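Structural overview
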Amino acid sequence: MSAPWRLAATLALVVALPLEAQHHERRSAADEFNNMGSRIDTTVALGRGGIVDLSSFTGDITVNTWDRDEVKIHATSRGHLRLESSQSRVSLVEDPYRGDYDDDNDDMGYEVTLPKSARLLTRSVSGDIKVRDMTDVEAHSVSGEIVASNVANRAVLESVSGDVTATKIGAGLRANSVSGDIHATAITGEVAGQSVSGDIVLEDVTSSFVRTETVSGEIHFSGPVDAKGRYEFHSHSGDIDLAFASGGGNATLEVETYSGDLDSNCEMTLQPGGTGARMGKRGIFTLGSGGGAHFSIQTFSGDVHITGCRSHGEK
């Protein structure tokens, strides 16, 4: 269970690094907007498939898309903003160590509209991140919430103390939080979720690979089971609830719990070698004729609930 702590350290390091160092491309002096002060209202061109890189310390980041090959930016900061632009990359960075820090100005943050074909990379320290209608998203926050919806391709969403919410992701999701909950709905593609003290809720997930891990939170999963899929659900002190939308089919389940119970409406067959002592239950179970999808289900003090299987004799 040491992986979540490595996650926290990695996220803190990524966001705490001098954000100016995140630029990887030279730009001509004509394309740089330096000394812009603490407010920017402008529109710049961006080629198809370009990258939009947003970094903020103090404010929320809200991003939408449109059909133009342009990036529209409204940004306000207590610090100093620097915008750099080229045909392949637009970068907006907030320097919190410069500026007048006007505490009476509550209109802090970024509102950005970018081309639908653009890839978004965004980081925030204390603000929330909200994005929608993206092609590809990578978002990192320290204390803010992350909300992403309607992402055509892959989404990577990581927060230290904020919740992570993802809806309608088309080609895979990686969601991590240390002390926040993860809630993902209508996800297609590979899913990896990790939290320390938060719950992980995966609803309406269509995937051949799902891996979740939490220390003190619960895990909830619902969705169809891929016959060739692999599904891993690991919690230390939380319950694990699995609801099979397609009846479960043929599957093999490795189940292990110490002080929790196993409850299922499925016709599961315990294979030789399993144990069912009051303090400690482990075994390999089969659904249907076995084989098929493979499940690894582990919890120390939580219960395991499995529902959604076809009743006996149902086709």
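Computed from a predicted structure; not experimentally measured. (Residues numbered from 1 in each chain as written. Predicted model: local features only at pLDDT ≥ 70, side-chain atom pairs only at ≥ 80, totals over all residues. Heavy atoms only, no water.)

For E267, the position within the fold is in the loop between β24 (262-264) and β25 (268-270). With 19 residues separating them in the primary sequence, E267 and T286 have C-alpha atoms 8.4 Å apart. (Helix = DSSP H or I, 4+ residues; strand = E, 2+ residues; numbered from the N terminus.)

Moving on to the pairing of strand β15 (residues 173-177). Each regular strand carries side chains that alternate between the two faces of the sheet. By the criterion of burial, β15 is predominantly enclosed, with four of the five residues buried. Relative to strand β17 (residues 191-195), β15 is paired through five bridges, and the arrangement is parallel. What sits directly across from S177, in β17, is S195. (Buried < 20%, exposed > 50% of the residue type's maximum accessible area, 1.4 Å probe, protein only. Pairing = 2+ DSSP bridges.)

Turning our eyes to something else, we now look at the environment of I182. Within the secondary structure, I182 sits in strand β16 (residues 182-188). Along the primary structure I182 and V164 are separated by 18 residues, whereas in three dimensions their C-alpha atoms are 4.8 Å apart. Setting aside anything within four residues of it in sequence, one finds I182 in contact with V164, A175, N176, S177, Q194, S195, D199, I200 and V201. (Contact = heavy atoms within 4.5 Å.)

Let us now look at the confidence of the model for the protein. In this model, the protein carries a mean pLDDT of 84, and residues with pLDDT of at least 70 account for 80%. Throughout residues 101-105 the model reports pLDDT below 50, and contacts reaching past four residues in sequence, or to other chains, amount to eight contacts. Overall, residues 311-315 carries pLDDT values under 50, and its contacts beyond four positions in sequence, including any with other chains, amount to two contacts. (pLDDT = per-residue confidence, 0-100.)

This part covers the pairing of strand β12 (residues 146-151). Of the strand pairs in this sheet, strand β10 (residues 129-134) and β12 are connected by five bridges, and their pairing is parallel. The residue of β12 that forms the bridge with V131 is A148. As judged from the five bridges shared by β12 and strand β14 (residues 164-169), these two strands associate in the parallel manner. By the bridge assignment for β14, V151 is matched with I169.

Judged by nonpolar contacts, the single largest core of 63 residues is most densely connected at L157, F233, L253, F295 and I297. Setting aside chain neighbours within four positions, we find L157 in contact with V137, A139, I146, A148, V164, T165, A166, L173, R174, A175 and N176. (Core = buried A, V, L, I, M, F, W, Y, C linked by side-chain atoms within 4.5 Å.)

Attention now goes to unusual backbone geometry. Within the chain, N150 stands out as a residue other than glycine whose phi angle is a positive 55 degrees. Turning to its location among the elements, N150 is positioned in strand β12. By relative accessible area, N150 is classed as partly exposed at 31%. The phi torsion at K168 lies on the positive side, around 60 degrees, for a residue other than glycine. For K168, the position within the fold is in strand β14.

Counted according to the given criterion, the structure contains six aromatic pairs. Judged by centre distance (5.4 Å) and plane angle (50 degrees), the rings of F221 and F233 are tilted. Of the two residues, F221 is situated in strand β20 (residues 219-223) and F233 in strand β21 (residues 230-235); the sequence distance between them amounts to twelve residues. Accessibility assignment for this pair places F221 and F233 in one class, buried. Each ring, one from F244 and one from F295, has its centre 5.2 Å from the other, and the planes form 45 degrees; the classification is tilted. Taken together, the positions of F244 in strand β22 (residues 240-244) and F295 in strand β28 (residues 293-299) put the pair 51 residues apart, joining distant regions of the chain. A single burial state applies to F244 and to F295, both of which are buried. Of the aromatic side chains, those joined through ring pairs into one cluster are F221, Y231, F233, F244 and F295. (Phe/Tyr/Trp six-rings, centres within 6.5 Å; stacked < 30°, edge-to-face > 60°.)

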